[in-house]
Amino acid sequence: QVQLVESGGGLVQAGGSLRLSCAASGRTFSNNGMGWFRQAPGKEREFVAAISWNGGSTRYADSVKGRFTISRDNAKNTMYLQMNSLKPEDTAAYYCAGDSRRYNFSIYGSSYDYWGQGTQVTVSL
């Protein structure tokens, strides 16, 4: 059974930092793209960042570009999201996602086959 488990969320003041982790089990994602998405209450899920199978290419939403950094460690089957300069508008449940297709890393949630349960990030003023 494939599982993606996020961790690292929490409450932080504006301007602070958090590092999210997404640990995969049940299959390797070393040849697959992965991504982070978020959903705030009353809003649709939105793309945050995506990373290619080897970490050589990344994509970011304009709203997080320059503040967030996506990375991965294939030896640990784990993906990360370093979030700096956090803003109240970053408050949301953050979800990691994995693609079953090799070498694809999309900004569209519909492209992903595996999802974690989410971790809450709350940024206070």
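Residues numbered from 1 in each chain as written. Predicted model: local features only at pLDDT ≥ 70, side-chain atom pairs only at ≥ 80, totals over all residues. Heavy atoms only, no water.

(A) Examining the overall build of the protein chain more closely. Of the regular secondary structure elements, the protein chain holds zero helices and eleven strands. Its helices and strands taken in sequence order, the protein chain reads β-β-β-β-β-β-β-β-β-β-β from the N to the C terminus. Over its C-alpha trace the protein chain gives a radius of gyration of 13 Å, about what one expects of a compact globule, namely 14 Å for 125 residues. Its C-alpha atoms give the protein chain principal-axis dimensions of about 40 × 25 × 25 Å. Within the protein chain, the fraction of its 125 residues that count as buried is 44%. Carbon and sulfur atoms make up 46% of the accessible area of the protein chain, which amounts to about 6200 Å² in all. Side-chain charges in the protein chain split into 13 positive and 9 negative, and the spacing between the mean points of these groups amounts to 5 Å. (Helix = DSSP H or I, 4+ residues; strand = E, 2+ residues; numbered from the N terminus. Rg over C-alpha atoms; globule rule 2.2 N^0.38 Å. Buried < 20%, exposed > 50% of the residue type's maximum accessible area, 1.4 Å probe, protein only. Areas by Shrake-Rupley, 256 points an atom, 1.4 Å probe, with all protein chains shown as cover. Lys, Arg positive; Asp, Glu negative; His and termini not counted. Charge placed at Lys NZ, Arg CZ, Asp CG, Glu CD.)

(B) A look at the state of the cysteines. With the rule as written, the count across this model stands at one disulfide. The disulfide partner of Cys22 is Cys96, and the gap between their sulfur atoms is 2.1 Å. Handedness here is read from the sign of the S-S torsion; for Cys22 and Cys96, about 60°, the answer is right-handed. Of the two residues, Cys22 sits in strand S3 (residues 18–25) while Cys96 sits in strand S9 (residues 92–102), which places them 74 residues apart along the sequence. What makes Cys96 buried here is its relative accessible area of 0%. (Disulfide = S-S within 2.5 Å.)

(C) Main features of the packing of aromatic side chains. One pass over the structure, following the stated rule, counts five aromatic pairs. With 5.6 Å between their ring centres and 85° between their planes, Phe29 and Tyr114 make a pair best called edge-to-face. With Phe29 in the loop between S3 and strand S4 (32–39) and Tyr114 in strand S10 (residues 114–115), the pair connects residues that are 85 residues apart, well separated along the chain. Ring centres 6.2 Å apart and planes at 70° place the aromatic pair Tyr112 and Trp115 in the edge-to-face group. (Phe/Tyr/Trp six-rings, centres within 6.5 Å; stacked < 30°, edge-to-face > 60°.)

(D) Seen up close, the nonpolar core. Within the largest apolar cluster, 32 residues are counted, with the highest numbers of intra-cluster contacts made by Trp36, Val48, Phe68, Met79, Leu81, Met83 and Tyr94. Not counting the four nearest positions on each side in its chain, Leu81 is found in contact with Leu18, Arg19, Leu20, Trp36, Val48, Ala49, Phe68, Thr69, Ile70 and Tyr94. (Core = buried A, V, L, I, M, F, W, Y, C linked by side-chain atoms within 4.5 Å. Contact = heavy atoms within 4.5 Å.)

(E) Geometry of the sheet that holds strand S7 (residues 68–73). With antiparallel pairing, the four strands of this open sheet are ordered in space as S1-S3-S8-S7. In this open sheet, the two strands that pair with only one neighbour each are strand S1 (3–7) and S7. In this sheet, neighbouring strand axes are inclined to one another by 15° on average, regardless of whether the strands run parallel or antiparallel. Sheet topology note: the S3/strand S8 (residues 78–83) ladder contains six bridges and is antiparallel. Bridge pairing in S8 links Leu20 to Leu81. (Pairing = 2+ DSSP bridges. Axes fitted to C-alpha atoms, helices over the stretch in contact; angles between N-to-C directions.)

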